[in-house]
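# Understanding the architecture of this molecule
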Amino acid sequence: MNKKKQDIAYFVSFCIEQYKKAKGITGSEAVMQLDKYHVLEYLAEHYEVLHTQSRQWILEEIDEFIRLRKEKQQ
């Protein structure tokens, strides 16, 4: 695995862990929730911008992304 892919994997893992803690859910529940709304792909695709932001900003971005996905599904 090249350095950039490894950095992205670490970043996505960090986001999962932070989301889990913020929502008070298990790691598997967090992954299922984030996967359901394609958040994991979003985090990986936009790593260059997102990894420079604060933990709180990233969590707010994830919540907003999920909210928009839910609205689209309705």
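Here's what I pulled together on the structure shown here. Since we're looking at a predicted model, the values are computed, not measured.

## Topic: the pattern of salt bridges
Two side chains bearing opposite charge may form a pair once their charged atoms approach each other closely. Scanning all chains against the criterion turns up six salt bridges. A salt bridge links R67 to E64; its shortest N-O distance comes to 2.6 Å. With R67 and E64 both in helix 5 (residues 55-73) and three residues apart, this pair spans about one turn of that helix. Its relative accessible area of 36% is what places R67 among the partly exposed residues. Since its relative accessible area comes to 34%, E64 is described here as partly exposed. Here the salt bridges share partners, and the residues they tie into one network are E64, R67 and E71.

## A look at helix 1 (residues 3-23)
For helix 1, spanning 21 residues, the distance from its first C-alpha to its last is 30 Å, which sits close to the expected 30 Å at 1.5 Å a residue. Regarding helix 1, the residues found buried are I8, F11, V12, C15, I16, Q18 and Y19. Along its buried surface, helix 1 packs onto helix 2 (27-36), helix 3 (39-45), helix 4 (47-50) and helix 5. Regarding helix 1, its N-cap is N2, as a side-chain oxygen of that residue lies 3.2 Å from the backbone nitrogen of K4 further along. Backbone geometry just after helix 1 places G24 at a positive phi near 65°.

The rules behind these values
Residues numbered from 1 in each chain as written. Predicted model: local features only at pLDDT ≥ 70, side-chain atom pairs only at ≥ 80, totals over all residues. Heavy atoms only, no water. Salt bridge = Lys/Arg side-chain N within 4 Å of Asp/Glu carboxyl O. Helix = DSSP H or I, 4+ residues; strand = E, 2+ residues; numbered from the N terminus. Buried < 20%, exposed > 50% of the residue type's maximum accessible area, 1.4 Å probe, protein only. Expected span 1.5 Å × (residues − 1). Contact = heavy atoms within 4.5 Å. Polar contact = N/O pair within 3.5 Å; in protein donor to acceptor, adjacent residues only side chain to side chain.

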